[in-house]
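Read off the chains here:
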Amino acid sequence: MSERASFLLKLMAGAGLLFLHLPLAFIVLYAFSTEEKSYQFPPPGYTTRWFAVAWERQDIWAALTLSVQVALIATALALVLGTLAAGALARTRFFGREAISLLIVLPIALPGIVTGISLRSAFAIADIPFSFWTIVLGHATFCIVVVYNNAVARLRRTSPSLIEASMDLGADSFQTFRHVVLPNLATSLLAGGMLAFALSFDEVIVTTFTAGQQTTLPIWMLTELIRPRQRPVTNVVAVFVMAVTFIPILAAYYLTRDTADVAGSGK
Amino acid sequence: MTSPAVRFDKVSRHFGPVKAVDEVDLAIAPGEFFAMLGPSGSGKTTCLRLIAGFEQPTGGAIEIFGEHVEGVPPYRRAVNTVFQDYALFPHMTVAENVAYGLRIKGVDKRSRRLRADEMLSLVKLSGYGDRKPAQLSGGQRQRVALARALVNEPKVLLLDEPLGALDLKLREQMQGELKSLQHRLGITFVFVTHDQTEALAMADRVAVFNEGRIVQVGSPEEIYERPRTRFVADFVGGANVIEPAAAARLGLPEGLWSLRPEKIALGGGDGEAIRLQGRAQEVQYQGAQRRVTVDLGADRLVMVVPAGVANFGEGEPVALSVPAAALNRMEG
Amino acid sequence: MTATTATSPPRTRTSLRGRVSDLLASRPKLLALVLVLPPLLWLGLVYIGSLLALLLQSFYSIDEFTGLVVPEFGLSSYRELLAPANMDIIVRTVTMAALVTLASGVLAFPIAYYAARYAKGRTKAAFYLLIMLPLWSSYLVRVYAWKLILAKEGVLTWAAEETGTLPLLDGILGLPVIGGPSLSVSYIGTFIVFVYLWIPYMILPIQAALERVPRSYLEASADLGARPAETFRTVVLPLAMPGVVAGSIFTFSLTLGDYIAPQIVGPSTYFLGQVVYVQQGTAGNIPLAAAFSVVPIAIMAVYLTVAKRMGAFDAL
């Protein structure tokens, strides 16, 4: 085998990456378009006024606030539950371990619509009205796996003798957790938390089943996509959503870069 | 105090059907440098972990300085461990690692830093306190692990293959340092190794482990010169094992014998020696000596010949003699 | 296990914290149990509970006059599922999922192969990030981007005009079934969006599988006289297969359940997910929606069983 890739392979790989990213560039471009009624290309002119218009829109602010609140609380819940699950499953072998790890991955392995309609059915049967908390419930459920994947990878890479060393030096179970386990997990939990935030902030499929009349930012966008009112404003919001999700993902990557904890296919 | 530093009374640690440690009796004297020697999976490390408290016995009783420790967690035992992989906390500096035990005990920051620096100078690492473990070499990490354990003034120091990850030169140097450190501190050292030269070089007494049991305990001389079983003879320095049938053929007294290769002499020897004739089957150059496998017809003996004494090629005839006192009778 | 003999009781601290600590330190399985209990309860109650609720709902029916759910056990929802119109939807969705999976595999392979075999250091990190970013972010934005591109007045039409390939575009749009007035309201459009959305899920497992192929295998194959193409076909491809299958689990499953992408880009005919959404929402027929969503679960169960046999789970 030659050490250098053939031109054809390079071309195909490059084209593939371009296919993945070029469309997003158009979103940014359109956010500056002066054209209001259609998706005319190339845009007849360029302006930054839509950013100001979007800034003034109360409905966007309300949706954004709701999304951030949901994402924060869902992330917090996922951090606690995902870390606990990772602590239990990382090393100890016990009956039902495989089943539990499958259960953790399931909410993201099954199509989002299944998770959504399931929660919707449960709310219907249990007569639970839609609320802020029904959204959080769904989001936390599929965010657990993200935190879990990060934490479990770090725990498996951490030598078990660190915990023994701590106890050997006189620290009880709680002190060992506080002084040794938690500091070692810190960056992977931060990374997991950020990915969970990005996932929750952006989620729309499950949310449409658990939100009722509430509007998160993705739901606001969805409504605009189906029945456009002011297209350029939607474009501005799209750019904003992109930025908000890119930042934590990049941060998570740099936090765990040297250990490559971010298990991508685990999403 | 008359009670031993560590005492095992029929201690077992079974993992399901696997008998990692099986009814082991053991008494380690205070101030002793004690080695647990054996191949991997022989139960030596599990014994160490039982003393440390990382494992609990499934049977039997363990005492540390007369106190029963079954069910006592590691953090409430007056023993400390130097781990095989050193287990230095990667998120703490060297000084923080060393001071960890003191911090848990609630010693104030200034005094524990002082004590940590003292310990670091004891292991010849003064000035390394502010580094992270990742910035140290293997040998230096090993010293930090040692300082971190010793700062707590344990009654017993446990060392799990402490020199296993070091290269040969460093290992020999550390052997001497560990030995003199133990001498100065007077603490009981219990160390686990699979390397028989290391065990013989450092320990006051050696316990040889095989398949979850102790097969022989004794001074390095006893273990080396007078192995009690076929396993010990073979594991500790590769002695010749002479089966009863072979003994009869070679004109030796009846029984199972071990015979150290270096005890076999070339030529006739003195009056009581047993004289044999054979052919050099395989000659292995080892620098200061040659290791010669001698074919005696139905049997084979391995002997070592110091460099410069004689030189023979494979197939040449060899006359050798075995002094009667060199033969060690073993249990069948 | 024999009990300890002739021992005095171990020293105990009177504090509760001390006792809890001792218990957890000496019983790793107990510790694991304590740790796993909260997440297990959450997932068991919220998730498994919901799945069971879904299953239960699917056996209920709806009263045609009042429009209320009748909580009685029956198979009417499933009977309705078998109606020709509904079967059409299922067949259409599964066909789309299969085509999307196939296309993703073909497009993802070169990227994964380059990333796994040739990219080094910074390039490799860049590749990883460029694949990860779209995977984690902005699902909706990514669908939206294609609405802009595929719209009649959008980027693609402009590009076709500029390059003089407009007749070709019109020819494609003129195709029966998959064509339409513009790409943004055609099956081709839906197809492109799906491939675009799910391709990162295909790249990563293939890359992981390829990275596990030691270079020495390729050298051994070459040493034994195989030309590069033969080595690729007889060594690389079979070893990458588990990764392809693992990736296909995602692309297939995600396409089956998606209802938003075809709603934004595609014709007005329904895909499975859209029926579920419409039935539970505007139609208020949760039982039928539930029965419909049992379909992807059943398909995926079969798919996963086959995939597991092919060793795909090791490549996840």
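As a reminder, the structure under discussion sits directly above these lines.
Residues numbered from 1 in each chain as written. Chains lettered and ligands numbered in written order. Predicted model: local features only at pLDDT ≥ 70, side-chain atom pairs only at ≥ 80, totals over all residues. Heavy atoms only, no water.

A. Just the pattern of salt bridges, in detail. Inspection of the entire model under this criterion finds 28 salt bridges over all chains. Among the ionic pairs, Asp172(A) bridges to Arg17(C), the shortest N-O distance being 3.3 Å. With Asp172(A) in the loop between α7 (160-168) and α8 (173-202) and Arg17(C) in helix α1 (residues 16-26), this residue pair bridges two chains. The class of Arg17(C) is partly exposed, set by a relative accessible area of 43%. A salt bridge links Glu243(B) to Arg230(B), with the nearest nitrogen and oxygen atoms 2.8 Å apart. Taken as a pair, Glu243(B) in the loop between β11 (240-242) and α9 (244-250) and Arg230(B) in helix α8 (residues 230-235) lie far apart in primary sequence, 13 residues in all. Residue classification places Glu243(B) among the partly exposed residues on the basis of a relative accessible area of 34%. Arg230(B) gets classed as partly exposed once you look at its relative accessible area, which sits at 36%. Via salt bridges that share partners, Arg57(A), Asp59(A), Glu224(A) and Arg229(A) belong to a single interconnected network. (Salt bridge = Lys/Arg side-chain N within 4 Å of Asp/Glu carboxyl O. Helix = DSSP H or I, 4+ residues; strand = E, 2+ residues; numbered from the N terminus. Buried < 20%, exposed > 50% of the residue type's maximum accessible area, 1.4 Å probe, protein only.)

B. Fine view of the side chain of Lys147(C). Counting through the fold element by element, Lys147(C) comes out in helix α6 (residues 139-150). One buried charged side chain, Lys147(C), makes no salt bridge at all; its nearest oppositely charged neighbour is Glu153(C), positioned 8.9 Å away. When neighbours within four sequence positions are excluded, Lys147(C) is seen to be in contact with Tyr39(A), Leu225(A), Ile264(C) and Val265(C). (Lys, Arg positive; Asp, Glu negative; His and termini not counted. Contact = heavy atoms within 4.5 Å.)

C. Structural context of the pairing of strand β16 (residues 300-306) of chain B. Residues and elements named next belong to chain B. Counting buried residues along β16, 5 of its 7 residues qualify, which places the element largely inside the surrounding structure. Here strand β15 (residues 289-295) runs beside β16; their pairing, made up of 7 bridges, is antiparallel. Bridge assignment links Thr-293 to a residue of β16, and that residue is Val-302. (Pairing = 2+ DSSP bridges.)

D. Representation of the sheet that holds strand β13 (residues 265-266) of chain B. Taken together, the 5 strands give an open sheet; going across it, the order is β13-β17-β14-β15-β16 (chain B), and neighbouring strands pair in antiparallel fashion. Lying at the two open borders of the sheet, with one neighbouring strand each, are β13 and β16 of chain B.

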